[in-house]
Amino acid sequence: MKLPYAEPYRIKMVEEIRQSTPEEREQWLKDANYNLFNLKSSQVYIDLLTDSGTGAMSDQQWGALMTGDESYAGSRSFDQLHDSVQNITGYPYLLPTHQGRAAENVLFSVLVKEGDVVPGNSHFDTTKGHIEFRKAHAIDCTVDEAFDIENLHPFKGNIDLEKLENVYKSHPKEQIPFCLITITCNSSGGQPVSLENIKAVKELSDRYGIPIYFDSARFAENAYLIKKREAGQENRTIKEIAKEVFSYGVGMTMSSKKDGLVNIGGFIALSDEKIFNAASNFTIIYEGFITYGGMAGRDMAVLAVGLNEATEFDYLESRISQVEYLGNKLIEYGIPIQKPIGGHAVFVDSQKFLPNIPREEYPAQTLANEIYKEAGIRTVEIGTLLADRDPGTRENRYPKLELVRLAIPRRTYTNNHMDYIAVAIKNVYDRREEIEKGYNITWESDILRHFTVKLEEA
């Protein structure tokens, strides 16, 4: 008999979590203005709000924590991180930041100006926010297959070359600072970008003189899915694939709280010394000196280890297999999810799940709240709330998909937790006809509203 799969680690420490009552959850959600970001962690049983900074570190990382060099300048921990990043990406220049959006802020302060356009594949919320804050425009060039949840295209994060070339043809080169490739593509359902597509985007962009940058928060998961899904890549290591991917760009931003396997941190890695020097000035203004940039030495030491662990096949197989386990359970129960299952999360189609809720009443937020009320599980809306308002008209922007993201923290929950999540969502699905009303906004910020929005029942 073939041995079943087992995780390549054992548990050394546990953290107690408490289940609450339905009555408690109803009151807590009301007190939070129906915004799951406003809940206290003690009010959450299983937290799938994000996979960012919520994972468990390894014994090797905890050991590295104790060796951190806290020197203000020229820290040994920076050297360790620099070596790790250069070995994986091939980029010789490194600027640490306190997290991914800080890396975007520093880099975009150099590259993006008013009136610019930044094409790419479904820019995520903070990325689009940093672009639009500078009165520039993010243009989504994702392939159409990404927006059909039943389509089994293996690389729904791919950029549509025709859409991209239309952007290049319709804007002067000086107005396009770069093309941004997000790996994996979170907003389209944690979907990977193929190596073939990245090469093709590089060739097209070279013809128009446009550089390529990567939003690399989940680059290792993208490399794993290339290895598993793309012909000719099955015998290569994750590190080999990742290094080739980065060879087609000139730089990257990183939220290390994802594929860095740490609880805080980010960085910019670059091949261009001129851009590095310009970005260094903004790092000093916004983050700190260029050899720590908002990170403690111990956190840089931990990240240096985490990047190497995250680019090992056994870890990635365990991590992504758990996401697939949950996704397949939901498919078994008839729940409409984005297919194929992505790298870091399962994405539920709220419009198919709750067809009675109009888009003006935020069906994805409605579903996320119902899942919390059912079982104490916190998820996040990837839909109209996250899409924000159009900067010009101030009307709601309605994305092609209204999704609820179940982001799985790394090395944190067991498959028993996945079974619990699946049954809870099935219970909501079984009573979906009883859910007839969504929510209205009572207060919102001008940008990135979904983090702090206040809602009331419609």
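Here the structure is a predicted model, which is why all the values come from computation and not from measurement.

J.: Now, about the pattern of salt bridges: what can you tell me, with residues and values included?
T.: Side chains that differ in charge, positive against negative, can pair when their charged atoms come close. As enumerated under the stated definition, the model contains 29 salt bridges in all. K202 is paired through a salt bridge with D206; the nearest N and O atoms lie 3.2 Å apart. Placement of the pair is K202 and D206 together in helix α7 (residues 195-208), with a separation of four residues, close to one helical turn. Assessed through its relative accessible area of 44%, D206 is described here as partly exposed. Salt bridges sharing common partners tie together D51, R218, E221, D259, R319 and R410.

J.: Pulling in residues and values, what's your account of the environment of A73?
T.: Mapped onto the elements, A73 comes out in the loop between α2 (59-65) and α3 (76-89). Taking relative accessible area as the criterion, A73 reaches 44% and is therefore assigned partly exposed. Not counting residues within four places of it along the chain, the set of residues in contact with A73 comprises F289 and T291.

J.: Run through the nonpolar core, naming residues and quoting values.
T.: Grouped together as the largest cluster of nonpolar side chains are 54 residues, with contacts concentrated most on C179, I181, F214, F219, F267 and L307. It is helix α8 (residues 219-229) that provides the largest number of residues to this core, a total of six residues. The residues contacting I181, other than those within four sequence positions of it, are N121, I159, V193, I198, V201, I212, Y213, F214 and D215. Core analysis: the second largest hydrophobic core is formed by 45 residues, V348, V404, Y413 and I425 among them.

J.: Describe α3, listing the residues and the values that go with them.
T.: With 14 residues, α3 ought to run about 20 Å at 1.5 Å a step, and its terminal C-alpha atoms sit 20 Å apart, in line with that. The complete set of buried residues in α3 reads S77, F78, L81, H82, S84, V85, I88 and T89. Relative to the axis of α3, the buried residues are bounded by an arc of 165° and lie together on one face. If you follow the buried residues of α3, they end up packed against β2 (93-97), α8, α9 (238-247), β7 (251-255), β8 (266-270) and α11 (297-310). Two residues or fewer past α3, G90 is found with a positive phi of approximately 85°.

J.: With reference to specific residues and values, describe the state of the cysteines.
T.: Each disulfide consists of a covalent bond between the sulfur atoms of two cysteine residues. This structure, assessed with the given rule, holds zero disulfides. In this structure C179 is a free cysteine whose sulfur lies 7.0 Å from that of C141, the closest cysteine sulfur available. C141 provides the cysteine sulfur closest to C185, a residue in no disulfide bond, and the two sulfurs are 11 Å apart. Exposure remark for C185: the relative accessible area of 0% places this residue in the buried category.

J.: I'd love a proper account of a nonpolar patch on the surface, names of residues and values included.
T.: Taken together, Y9, I11 and V14 make up a surface patch of nonpolar side chains, about 340 Å² in accessible area. Examined against the element boundaries, Y9 turns out to sit in the segment before α1 (22-31). In this structure Y9 comes out as partly exposed when scored by relative accessible area, which is 36%.

J.: Tell me about the environment of S255, and name the residues and values.
T.: Within the secondary structure layout, S255 lies in strand β7. Separated by 83 residues in sequence, S255 and P172 place their C-alpha atoms 31 Å apart. Beyond its immediate chain neighbours, meaning those up to four positions away, S255 contacts S52, G100, A217 and G265.

J.: I'd like a description of the environment of G288, backed by residues and values.
T.: Turning to its location among the elements, G288 is positioned in the loop between α10 (273-286) and α11. In the structure, G288 is positioned 216 residues away from Y72 in sequence and 9.1 Å away in space, judged by C-alpha atoms. Setting aside anything within four residues of it in sequence, one finds G288 in contact with T283, G293 and G294.

J.: An account of the packing of helix α6 (residues 161-170) against α7 is needed here, citing residue identities and associated values.
T.: Remark: α6 packs on α7, axes separated minimally by 11 Å, with the N-to-C direction vectors making an angle of 20°. The angle between α6 and α7 places the two elements in the roughly parallel class. Between α6 and α7 lies a crossing whose hand is right-handed. For the pair α6 and α7, contact is made by L161, L164, E165, Y168 and K169 and by N197, A200, V201, L204, S205, R207 and Y208, respectively. Along the lines of polarity and charge, the residues of the contact of α6 with α7 split into seven nonpolar, two polar and three charged.

J.: Requested: an account of unusual backbone geometry, with residues and values cited.
T.: Most peptide bonds take the trans form, and the phi angle of most residues other than glycine is negative. Across the junction of I183 and T184, the peptide omega takes the value -20°, indicating a cis bond. Examined against the element boundaries, T184 turns out to sit in the loop between β5 (179-182) and α7. Note the cis peptide between K339 and P340, where omega equals -5°. Its location among the elements puts P340 in the loop between α12 (313-332) and β9 (345-349). Backbone geometry at Y34 places phi at a positive 60°, although glycine is not the residue there. Position of Y34 relative to the elements: it lies in the loop between α1 and β1 (46-47). Of note in the backbone geometry, L448 takes a positive phi value of approximately 50° without being a glycine. What makes L448 partly exposed here is its relative accessible area of 22%.

J.: Tell me what's going on with α6, and back it up with residues and numbers.
T.: What sets the pattern is the α-helix's 3.6 residues per turn: residues three or four places apart point alike. Within α6, burial applies to L164, V167 and Y168. Projected down its long axis, α6 shows its buried positions confined to an angular sector of 95°, all on one face. α6 presents E162 and K169 as exposed residues on the side facing more than 90 degrees away from its buried surface. Those residues of α6 that are buried are in contact with β3 (117-120), β4 (137-140), β5 and α7.

Rules of the game
Residues numbered from 1 in each chain as written. Predicted model: local features only at pLDDT ≥ 70, side-chain atom pairs only at ≥ 80, totals over all residues. Heavy atoms only, no water. Salt bridge = Lys/Arg side-chain N within 4 Å of Asp/Glu carboxyl O. Helix = DSSP H or I, 4+ residues; strand = E, 2+ residues; numbered from the N terminus. Buried < 20%, exposed > 50% of the residue type's maximum accessible area, 1.4 Å probe, protein only. Contact = heavy atoms within 4.5 Å. Core = buried A, V, L, I, M, F, W, Y, C linked by side-chain atoms within 4.5 Å. Expected span 1.5 Å × (residues − 1). Arc of directions from axis to C-beta. Disulfide = S-S within 2.5 Å. Patch = residues over 30% accessible without salt bridge, like charges linked within 9 Å, V, L, I, M, F, W, Y side chains within 5 Å. Areas by Shrake-Rupley, 256 points an atom, 1.4 Å probe, with all protein chains shown as cover. Axes fitted to C-alpha atoms, helices over the stretch in contact; angles between N-to-C directions. Parallel < 35°, antiparallel > 145°, perpendicular 65-115°, else oblique. Left-handed = near helix turned anticlockwise from the far one by under 90°. Nonpolar A, V, L, I, M, F, W, Y, C, P; charged D, E, K, R; others polar.

Geometric values such as these leave the question of function open.
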